[in-house]
Amino acid sequence: MNKIKLLSEDTITKIAAGEIIENPASIIKELVENSIDANSKKIIIEIKNNGKDLIKVTDDGDGFERSDLSIAFKRHTTSKISSIEELDTALSLGFRGEALSSIASVSDVKIITKTKDDLIGTYAEVDNNGNIINREEIVTNKGTTIFSENLFRDIPVREKYLDGKNYEIQKTNDIINRLALSHLDISMEYIKDGRTQLKTDRDNSLINNIYAVLGRDVSENLIFIEKEFSEFKIKGFISNNLLYRSNRNSQYIFVNNRSISDKEISKAVEKEYYSVIPLNRYPVFLLYIEIDGKYLDINIHPKKDIIKFTNIDEIKTSISELIKEELSGKYKIHSFESKNTGSDKKTIFDIKSKDIKKNDIENYFKEESRYNRDKNIYIDKKRQLINFQDLTEDYNKDSLDKLNDDIDREVDLKLDDLDNETFLDESEEYKILKNGYRYIGQLFLQYVLLEDNVEKALYILDQHAAHERINYERLVYDYNNSNIPTQNLLQGYIFELTRAEYEQLMTIKDRLLDVGIEIEEFGDSSIIIRTIPAYFTDINPERLIREILDSEEIKENINDIDPYMLMKKACKASIKSGDFISISDVHKLINMLRECEMPYTCPHGRPTLIKITKYELDREFFRIQQ
Ligand code: ADP
Ligand code: MG
């Protein structure tokens, strides 16, 4: 083992700095928060080479007193508190006096500053220990500009870590969004490599600034909320039923204009959206909570993005009530709860997406592949023998029995040289609508009702889930054969994205092309969609891109994105909701579903088909005593 040594002062400082300064995003956050604390009305953030070469924050705030400058970059220097007692109630954003010294220790810092009383401004350079090494007078406006250059140059491990990481860029974009949204009363501009990415104006309305930061899709679907409670005030925007995301990244909580994250509050909001938006989706919201510092404990986290409320229960209930009020009247949702307390055994029809993990589906796929090969032979045979269209007109048990017998015989012959065990053991369960069916009708333009008079059961088919499954398997098939037929969107389809989304999309551009989706950049943060897979009729191309951008996988591992994931998402968007379906389309749909490898769930694991037996109905109506 090595001998224990005392670390040098320099090393200690750098380690401490690492706790606050993880990446360019954290520097931006600290500098902008300082500008906010200095009463600025306008803040400009400029970065070059993702912050590695330059991070520059300019404000029009109070400026540094000349005498303060020599100690401002030393550790534990702050003008905001002077004792431990003040820590609890401090409402300014920074109060630990660590940021500037940390930034100076990991990058080359320069500053230009002038107070309103100074006749002339000051320019200074700071060394890595926080000492002013060069100082000059300079003509400048009131306010402060801080330059942080050559980030992590002396810390190779971290420098390497920064290189080209998309994750870092997203972090930066997210921090800037949160800063801009936290103070809609301050004009903020973000310039990256010379180009303006975002600009809010304090004279704009709230919603216009939200539009500037989060884009049209979000701002158009927000509902304004505002209410004063005894201990706090809440104001903000919540999504309607059309706006949701597949993660919590678009949830913004500000407490006294400080961006925080709070799972409990998020969950309280999400609870009100249960059944308003789809399962496993998250509402978008911006909540501005104004609350007396005596209810807060801010000091629990060095990065200050988690705080503790002493009255959290009160806050949660109030938020729930407020949201319920706003959403009710617009939605009347009745949930049907079956009194059926029968067996716990899950059948394939009971699968709900939340019970399925990705692996389960993949495993299911694998286990099923042999069986499916067999089944396809079966289905081929069956198709030759039965004309399903005729069956619906003339449905009776005798003719069906006969047909089924014929099929079984044929299939037995075919299967002679296969290992029959698997097939015969499992086949009964997996033959979809094996007895044929009578088409009853369509429900809510969404569900197809089918009667199986042999098994005495009602089948409810989710036509969109079924369609999604069919599209997905076609696409996978064509992808595996490197032959996805595409259609050109004649004029192209153009739409706007946030800068972060745009970057993400450009990263996966080639992957999208592999699955038949061709996009091109179109101006600063807009894209144009050129082609989509040919079988996607009636598609809304913007939804297609949204599905992909909102996925968890993109956020987590954009550089190694799974093409099957892309195809699943694409297929999800390929289906329009609320379509009338003709009888012949019903037959087509069912025939195509029968040919699917996995006909029982859509690619995302929701069921395509639900079965309710006559027995179950009888029991619900108390025709059968339990
Ligand atoms: P803290 O914000 O926790 O006080 P910092 O290291 O971030 O610690 O800043 C140290 C001090 O430098 C602040 O307390 C403040 O007095 C001064 N300061 C920092 N940034 C600015 C700015 N943009 N304008 C005016 N004063 C600033
Ligand atoms: Mg600070």
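A quick note: this is a predicted structure, and the numbers were derived from the prediction, not measured. (Residues numbered from 1 in each chain as written. Chains lettered and ligands numbered in written order. Predicted model: local features only at pLDDT ≥ 70, side-chain atom pairs only at ≥ 80, totals over all residues. Heavy atoms only, no water.)

Details of the overall build of the protein chain
Put simply, the rule reads: Strands are runs of DSSP state E lasting at least two residues, helices are runs of H or I lasting at least four, and both sets are numbered from the N terminus onward. When a residue's accessible area, from a 1.4 Å probe over protein chains only, is under 20% of the maximum for its type it is buried; when over 50% it is exposed; and in between it is partly exposed. Two residues form a contact once any of their heavy atoms are found within 4.5 Å. The Shrake-Rupley method, run with a 1.4 Å probe sphere, supplies the accessible areas, and residue values consider only the shown protein chains as cover.
Check the secondary structure of the protein chain and you find 23 helices and 24 strands. Out of the 626 residues belonging to the protein chain, those deemed buried represent 49%. Residue pairs in contact within the protein chain that sit at least 24 positions apart in sequence constitute 69% of those at least 6 positions apart. For the protein chain, the exposed area adds up to about 32,000 Å²; of that, 48% sits on carbon and sulfur atoms.

So, the sheet that holds strand β22 (residues 518-521)
Stated formally: Strand pairing is assigned whenever DSSP detects at least two bridges linking the two strands. Working convention: axes come from line fits to C-alpha atoms, limited for helices to the stretch in contact. Angles between N-to-C directions cover 0 to 180 degrees.
Reading across the sheet, the three strands line up as β21-β23-β22 and stay open at both edges, with antiparallel pairing between neighbours. Edge strands, defined here as strands with exactly one partner in the open sheet, are β21 (486-496) and β22. Across the sheet, the axes of successive neighbouring strands diverge by a mean angle of 20°, strand direction being ignored. Relative to strand β23 (residues 526-533), β21 runs antiparallel, the two being bridged by seven bridges. Looking across to β23, one finds that glutamate 496 is bridged to serine 526. This element, helix α17 (residues 499-507), spans β22 and β23 of the sheet and lies at about 130° to β22.

A few points about the packing of aromatic side chains
Worth spelling out the cut-off: Ring geometry is summarised as follows: Phe, Tyr and Trp rings, the Trp one being its six-membered ring, pair when their centres sit within 6.5 Å, and such pairs are stacked at plane angles under 30 degrees, edge-to-face over 60 and tilted between the two. Geometrically, a charge over a ring is one whose NZ (Lys) or CZ (Arg) sits within 6 Å of the ring centre while staying within 35 degrees of the ring normal.
Applying the stated criterion to the full structure yields eight aromatic pairs. Here the aromatic rings of phenylalanine 64 and phenylalanine 73 are separated by 6.5 Å at their centres, their planes lie at 5°, and the arrangement is stacked. Phenylalanine 73 matches phenylalanine 64 in its accessibility class, with the two residues each being buried. When the ring of phenylalanine 254 is compared with that of tyrosine 288, the centres are 4.8 Å apart and the planes differ by 20°; the resulting orientation is stacked. Placement of the pair is phenylalanine 254 in strand β12 (residues 251-255) and tyrosine 288 in strand β15 (residues 285-291), with a sequence separation of 34 residues. Grouped by ring-pair contacts, the aromatic residues Tyr252, Phe254 and Tyr288 constitute a single cluster. One cation-aromatic arrangement involves lysine 110 over phenylalanine 147; the distance from NZ or CZ to the ring centre is 5.6 Å.

Focus: the pairing of strand β20 (residues 457-462)
One ladder, built from six bridges, connects strand β19 (residues 447-452) with β20; its direction is antiparallel. Residue pairing across strands places tyrosine 447 opposite aspartate 462, the latter belonging to β20.

Re a negative patch on the surface
Quick reminder of the rule: In this scheme, patches are assembled from residues that exceed 30% relative accessible area and form no salt bridge. Like charges are connected within 9 Å, while nonpolar side chains (Val, Leu, Ile, Met, Phe, Trp, Tyr) are connected within 5 Å. Every case where a carboxyl oxygen of Asp or Glu lies within 4 Å of a side-chain nitrogen of Lys or Arg is listed as a salt bridge. Residues scored as charged are limited to Lys and Arg (positive) and Asp and Glu (negative), so that His and the chain ends carry no count. To locate a charge, take NZ of a lysine, CZ of an arginine, CG of an aspartate or CD of a glutamate.
The grouping of Asp62, Glu65, Asp68 and Asp117 at the surface amounts to a negative patch. Checked against the element boundaries, glutamate 65 lands in the loop between β2 (54-59) and α3 (66-72).

Digging into the pattern of salt bridges
This model, assessed by the stated rule, comprises 26 salt bridges. Measuring nitrogen to oxygen at the nearest pair gives 4.0 Å for the salt bridge that ties glutamate 272 to lysine 324. Note that glutamate 272 is positioned in the loop between α10 (263-271) and β14 (282-283) and lysine 324 in helix α11 (residues 312-327), a separation of 52 residues in sequence. Taking the relative accessible area as the measure of exposure, glutamate 272 reaches 12% and is therefore buried.

Some points on the sheet that holds β19
Here we have four strands laid out as an open sheet, ordered β18-β19-β20-β24, and antiparallel in their pairing. A single partner strand is all that each edge strand has here, and the edge strands are β18 (438-443) and β24 (609-613). On average, adjacent strands in this sheet sit at an angle of 20° to one another, irrespective of strand direction. Of the pairings in the sheet, the one linking β18 to β19 comprises five bridges and is antiparallel in character. If you follow leucine 443 over to β19, its bridge partner there is tyrosine 447.

Points about a positive patch on the surface
On the surface, a cluster of positive charge is contributed by Lys41, Lys116, Lys142 and Arg202. Assignment of secondary structure puts lysine 116 in the loop between β3 (108-114) and β4 (121-126).

Quick notes on α11
Keep this limit in mind: A helix's residues, less one, multiplied by 1.5 Å, set its expected span.
The terminal C-alpha atoms of α11, which comprises 16 residues, lie 22 Å apart, in line with the 22 Å expected from a rise of 1.5 Å per residue. Restricting attention to buried positions, one finds in α11 the residues Ile312, Ile315, Ser318, Ile319, Ser320, Leu322, Ile323 and Leu327. Tucked into the core, α11 has its buried residues touching β9 (222-228), β10 (232-239), α10, β15 and β17 (308-309).

Structural notes on the nonpolar core
Heads up, the rule is: Among the buried residues, those of types Ala, Val, Leu, Ile, Met, Phe, Trp, Tyr and Cys that are joined through side-chain atoms within 4.5 Å form a nonpolar core.
Judged by nonpolar contacts, the single largest core of 49 residues is most densely connected at Ile28, Val32, Ile45, Phe73, Leu181 and Leu286. Sort the elements by how many residues they give to this core and helix α2 (residues 24-37) lands first, with six residues. Leave out the neighbours within four places in its chain, and isoleucine 28 touches Ile45, Ile47, Ile55, Thr172, Ile175, Ile176 and Leu179. By size, the runner-up hydrophobic cluster in this structure holds 34 residues, among which are Leu497, Met506, Leu512 and Ile558.

Side note on the confidence of the model for the protein chain
As a reminder, the rule being used: On a scale of 0 to 100, pLDDT captures the predictor's confidence in every residue.
Mean pLDDT over the protein chain: 78, with 73% of residues reaching 70 or higher. A low-confidence stretch, residues 87-91 (pLDDT under 50), is modelled with 13 contacts involving residues beyond four sequence positions or located in other chains. In this model residues 384-395 is a low-confidence stretch, pLDDT under 50, and it forms 31 contacts with partners more than four residues away in sequence or in other chains.

Here we look at the packing of helix α19 (residues 541-549) against helix α21 (residues 563-573)
Quick note on the threshold: Any angle that falls under 35 degrees is termed roughly parallel, while one over 145 is termed roughly antiparallel, one within 65 to 115 roughly perpendicular, and all others oblique. Crossing handedness is defined as follows: a turn of the near helix away from the far one that is anticlockwise and smaller than a right angle gives a left-handed crossing, while the clockwise case is right-handed. Side-chain classes are defined by residue name, with Ala, Val, Leu, Ile, Met, Phe, Trp, Tyr, Cys and Pro counting as nonpolar, Asp, Glu, Lys and Arg as charged, and the others, Gly among them, as polar.
It is at 8 Å that the axes of α19 and α21 come closest, and there the two elements cross at 140°. The angle between the axes of α19 and α21 places the two elements in the oblique class. Judged by the twist between their axes, the crossing of α19 over α21 is right-handed. Where α19 abuts α21, its residues Arg543, Leu544, Glu547 and Ile548 lie against Leu566, Lys569, Ala570, Lys572 and Ala573. Its residues placed into classes, the contact of α19 with α21 shows five nonpolar, no polar and four charged.

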